[in-house]
Amino acid sequence: MGYLITLEGGEGSGKTTVLKLVAEALQQQGFEVECTREPGGIEIAEQIRHVILDSKNTKMDGRTEALLYAAARRQHLVEKVIPALDAGKIVLCDRYIDSSLAYQGHARGLGVAEIYSINKFAIDDYMPDLTLYFDVEPEIGLSRIQKDDGREVNRLDLESMKFHLAVREGYQMLVEAYPERIQVIDAAQELALVFEDALEKVQAFVQKPEA
């Protein structure tokens, strides 16, 4: 059985870039690594991603959004994540259940417990083995997005600063609730230092002695 390691953070936290660097480093060390993302990772989930993040879909209801994320998550899990775990791979996933809890549960005000219930139905018992939370002030993250010409600007990027601050607050609540699973990385640092910190935490986890 492999490991499911998720990378979480607000917009522009740098987790997507660091995921690729961590994956390359682990592969060089001989680990089998599967990189993926949410929403997306497989064809059906990528189609759902387009609907969720399309900047034209400003009328989307918060509950609709939450249910679409859960639907994409279920299909992605069954089709890609579980087979990779069964093959003994390290799955590095860019976002997972904690995104829904922070964004829809807390920032949208739908209730963390309610969103957890929806997602528990979607993922069964496939919670992350380790989660890296890339913490950065929203002002910094959003300014990075504006400077990155190659990054897609999606519907969530267009939300108010109040919303992004609430997302960060939601993540910080999750860190307090799950300290044994979620490890915090200072994503305001230079990329090299963020990568070094992330790789160190992942290596320490995957090389830990079996209980």
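Residues numbered from 1 in each chain as written. Predicted model: local features only at pLDDT ≥ 70, side-chain atom pairs only at ≥ 80, totals over all residues. Heavy atoms only, no water.

- An unreviewed UniProt entry lists the protein under the name Thymidylate kinase, with Planococcus massiliensis as the source organism.
- Regarding the protein, the UniProt comment filed under Sequence similarities (unreviewed entry) reads as follows: "Belongs to the thymidylate kinase family." (UniProt positions renumbered as here; feature names shortened; annotations may be inferred.)

Here's the deal with helix α5 (residues 112-123)
Stage number 1. Given a rise of 1.5 Å per residue, twelve residues ought to cover 16 Å, and the 16 Å separating the end C-alpha atoms of α5 matches this to within 8%.
Stage number 2. Along α5, the residues that are buried comprise Ile115, Asn119, Ala122 and Ile123. Projected onto a plane normal to the axis of α5, the buried residues spread over an arc of 75° and lie on a single side. Of the exposed residues in α5, those oriented more than 90 degrees away from the buried face are Ala113 and Phe121.
Stage number 3. Of the surrounding elements, those touching the buried residues of α5 are α3 (62-86) and α4 (97-107).
Stage number 4. Within two residues after α5, Asp124 carries a phi angle of roughly 60°, on the positive side. (Helix = DSSP H or I, 4+ residues; strand = E, 2+ residues; numbered from the N terminus. Expected span 1.5 Å × (residues − 1). Buried < 20%, exposed > 50% of the residue type's maximum accessible area, 1.4 Å probe, protein only. Arc of directions from axis to C-beta. Contact = heavy atoms within 4.5 Å.)

So, the nonpolar core
Stage number 1. Counting residues in each nonpolar core, the largest one holds 35 residues, and the members touching the most others are Leu4, Tyr103 and Tyr171.
Stage number 2. Core analysis: the second largest hydrophobic core is formed by 24 residues, Leu7, Leu92, Val194 and Leu199 among them. (Core = buried A, V, L, I, M, F, W, Y, C linked by side-chain atoms within 4.5 Å.)

Thoughts on unusual backbone geometry
Stage number 1. That bond from Glu38 to Pro39 is cis: its omega, -15°, falls within 30 degrees of zero.
Stage number 2. Along the polypeptide, Pro39 turns up in the loop between β2 (33-37) and α2 (43-53).
Stage number 3. Even without glycine at this site, Arg95 takes up a positive phi of about 85°.
Stage number 4. The topology assignment puts Arg95 in the loop between β3 (90-94) and α4.
Stage number 5. Positive phi outside glycine occurs at Asp124, with the angle close to 60°.
Stage number 6. Mapping Asp124 onto the fold places it in the loop between α5 and β4 (130-135).

A closer look at the state of the cysteines
Stage number 1. Applying the stated criterion across every chain, the model contains zero disulfides.
Stage number 2. Cys93 supplies the cysteine sulfur nearest to Cys35, a cysteine that is in no disulfide, at a spacing of 9.9 Å.
Stage number 3. Residue Cys35 is classed as partly exposed on the basis of its relative accessible area, which comes to 32%.
Stage number 4. By relative accessible area, Cys93 is classed as buried at 1%. (Disulfide = S-S within 2.5 Å.)

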